[in-house]
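Descriptive analysis of the structure
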Amino acid sequence: MFKFASLTALLAAVPYVLAQSGVRGATACVSGTVCTPSSTSSAAPAGPTINNGLPAFLGGLNTAGYDFSVATDGSFTGTGVSPPVSQYTHFAAEGVNIFRIPWQLMTPTVGGPINETFFNTYQTTVQAALNSGPEVHVIVDVHNYARWNGQIIGQGGPTNDQFANFWSQVATKFASQSRIIFGVMNEPHDIPDLQSWADSVQAAVNAIRAAGATSQVILIPGSSYSSAQTLPTEAGPYLLKVTDPIGGTAKLLFDVHKYLDSDNSGTHPDCTTDNTAVFQTLVTWLQQNGNRQALLSETGGGNTASCETMLNTQLAFIKANSASIVGFSIWAGGAFDTTYVLTVTPNADGTDQPLWIDAVKPNLP
Ligand SMILES: *[C@@H]1O[C@H](CO)[C@@H](O)[C@H](O)[C@H]1NC(C)=O
């Protein structure tokens, strides 16, 4: 999958603004004044327990397939492929407790009704995942890059009312299933107006709750392909103001993605970073903004020595910081075959991929 065809160019324009420049442990001192370290600058405070209703830690994978027909400009070329349901019991037996299941084309016309035929197919897959274990949660991921046929939601494409209507229909279907997590949108990118995007997110959140889905966690995505790296400096300040009609923000989690290859595209077999600096910055930002939480819904690497080492380090860091980053979902299994560059699809004989065995399994819940 060439998921991020334009990302290389995009990242070149994004400055690398990270905490190793001294945010943690920094003191703001002016010569001649008394200088005291800020109380948030040393060891990370544990913070209050956040009642998000989720298991203490979530670990699992994306089961791709229904998304195969959508391009990053939101255009469609087909109907996708159902991921094999056998993977849910396979991975749940290893302790996986989260599956992210992408889809798109649920409403054939903008603002129109759900395609019940397609929804029933999707729902069969979701139910198979939920049935694989009593603690298993499923992220319903709308894999549309904030777009519909090249146009951005709320910014020339579908209106916020149409987007809300779509989410109202989907949330109604899942309202009574508390182990669903609503993924408002996969990987918004090249968004001209971030305040407008936050307004679109707010419309979706309001619609989900108004449909009676009041127990579930909602994942709210930022910009630059849901970048974990740019959230604090790009969309994060806007998304912090999104409110939840059920009160509080314990069930509004930031949806973040991060890869480990040279251009953060998730298209190369080798890894060049373990991302601990990026995630430390994110954890600090979450703590400093009301102890909010995030979920890493896409990450991954090739079945190579570099990725086996670096992904293991990254996931161990996330698990150690689960009060802020509540879990991870690897890209990808599902309908990908075992030759896909980032595959974690099990082999035909039922054995797992080396990356899964060496980097993921040790960091499952
Ligand atoms: C509805 O979904 C089915 C199954 O995916 C598909 O074959 C059909 O073309 C869809 N209908 C429309 C109008 O898109």
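Residues numbered from 1 in each chain as written. Predicted model: local features only at pLDDT ≥ 70, side-chain atom pairs only at ≥ 80, totals over all residues. Heavy atoms only, no water.

With an unreviewed UniProt entry as reference, the protein chain is termed cellulase, source organism Schizopora paradoxa. UniProt annotates the protein chain under Catalytic activity (unreviewed entry) with the comment "Endohydrolysis of (1->4)-beta-D-glucosidic linkages in cellulose, lichenin and cereal beta-D-glucans." UniProt's Sequence similarities (unreviewed entry) comment on the protein chain is quoted here verbatim: "Belongs to the glycosyl hydrolase 5 (cellulase A) family." (UniProt positions renumbered as here; feature names shortened; annotations may be inferred.)

**Section: the state of the cysteines**
For the structure shown, the criterion picks out 1 disulfide. Here Cys271 connects covalently by a disulfide to Cys307, the sulfurs 2.0 Å from one another. Across the S-S bond linking Cys271 and Cys307, the dihedral sits near 95°, which makes this disulfide right-handed. Taken together, the residues Cys271 in the loop between strand S8 (252-257) and helix H7 (276-288) and Cys307 in helix H8 (residues 305-320) connect sequence positions 36 residues apart. Take Cys271: its relative accessible area is 7%, and that puts it in the buried class. For Cys307, a relative accessible area of 0% gives the class buried. (Disulfide = S-S within 2.5 Å. Helix = DSSP H or I, 4+ residues; strand = E, 2+ residues; numbered from the N terminus. Buried < 20%, exposed > 50% of the residue type's maximum accessible area, 1.4 Å probe, protein only.)

**Brief notes about the site of the ligand**
Near the ligand, the surroundings consist of Pro108, Asn115 and Phe118. Contact between the ligand and Asn115: an oxygen atom at 2.4 Å from a side-chain N or O atom of the residue. Alone, the ligand offers 360 Å² of accessible surface; in the complex the protein occludes 44% of this. (Near = heavy atom within 4 Å. Polar contact = N/O pair within 3.5 Å; in protein donor to acceptor, adjacent residues only side chain to side chain. Areas by Shrake-Rupley, 256 points an atom, 1.4 Å probe, with all protein chains shown as cover.)

**Notes on the packing of aromatic side chains**
Applying the stated criterion across every chain yields a total of 16 aromatic pairs. Here the aromatic rings of Tyr66 and Phe118 are separated by 5.6 Å at their centres, their planes lie at 70°, and the arrangement is edge-to-face. In this pair, Tyr66 is assigned in the loop between strand S1 (58-64) and helix H2 (86-92) and Phe118 in helix H3 (residues 116-131), connecting sequence segments 52 residues apart. The same class applies to Tyr66 and to Phe118, which are both buried. With a centroid separation of 5.0 Å and an interplanar angle of 50°, the aromatic rings of Phe68 and Phe336 are classed as tilted. In this pair, Phe68 sits in the loop between S1 and H2 while Phe336 sits in the loop between strand S10 (325-334) and helix H9 (354-360), placing the two residues 268 residues apart along the sequence. Of the residues examined, Phe68 reaches a relative accessible area of 25% and is grouped as partly exposed. You can call Phe336 buried: its relative accessible area is 8%. Among the aromatic residues, those joined into a cluster by ring pairs are Tyr66, Trp103, Phe118, Tyr122, Phe166, Trp167 and Phe182. One residue, Lys173, lies across the ring of Phe119, its end atom 4.9 Å from the ring centre. (Phe/Tyr/Trp six-rings, centres within 6.5 Å; stacked < 30°, edge-to-face > 60°. Lys NZ or Arg CZ within 6 Å of the ring centre and 35° of its normal.)

**Digging into the packing of H7 against H8**
Two numbers describe how H7 lies on H8: the axes approach to 10 Å, and their chain directions differ by 15°. The angle between the axes of H7 and H8 places the two elements in the roughly parallel class. Two packed elements cross with a definite hand, and for H7 against H8 that hand is right-handed. Contacts between H7 and H8 involve Thr276, Phe279 and Gln280 from the first element and Thr313, Gln314, Phe317 and Ile318 from the second. Within the contact of H7 with H8, the residues separate by chemical class into 3 nonpolar, 4 polar and no charged. (Axes fitted to C-alpha atoms, helices over the stretch in contact; angles between N-to-C directions. Parallel < 35°, antiparallel > 145°, perpendicular 65-115°, else oblique. Left-handed = near helix turned anticlockwise from the far one by under 90°. Contact = heavy atoms within 4.5 Å. Nonpolar A, V, L, I, M, F, W, Y, C, P; charged D, E, K, R; others polar.)

**Observations concerning the nonpolar core**
Membership of the largest hydrophobic core comes to 82 residues, with the highest contact counts inside it found for Trp103, Trp167 and Leu282. A total of 9 residues in this core trace back to one element, the largest contributor, which is helix H5 (residues 194-210). Judged by nonpolar contacts, the second largest core, of 10 residues, contains Leu58, Ile98, Ile181 and Leu295. (Core = buried A, V, L, I, M, F, W, Y, C linked by side-chain atoms within 4.5 Å.)

**Comments concerning the sheet that holds S10**
The strand order around the closed barrel built from 8 strands is S1-S2-S3-S6-S7-S8-S9-S10, with neighbouring strands paired in parallel fashion. Strand after strand, the sheet turns through a mean of 25° between neighbouring axes, direction not considered. Inspection of the sheet shows strand S7 (residues 218-221) paired to S8 by 4 bridges, in the parallel sense. When the bridges of S8 are listed, Ile218 appears paired with Leu252. Along the sheet, H5 contacts strand S6 (180-183), S7 and S8; its crossing angle with S7, the most-contacted strand, is approximately 170°. (Pairing = 2+ DSSP bridges.)

**Points about unusual backbone geometry**
Cis geometry marks the peptide bond from Trp331 to Ala332; its omega dihedral reads 0°. With respect to the secondary-structure elements, Ala332 resides in strand S10. In the Ramachandran plot, Ala146 falls in the positive-phi region, its phi being about 65° despite a non-glycine side chain. In this structure, Ala146 sits in the loop between strand S3 (137-142) and strand S4 (147-148). Judged by relative accessible area, Ala146 falls into the buried class, the value being 0%. Although it is not a glycine, Tyr225 sits at a positive phi angle of roughly 60°. Its location among the elements puts Tyr225 in the loop between S7 and helix H6 (236-239). Residue classification places Tyr225 among the buried positions, given a relative accessible area of 3%.

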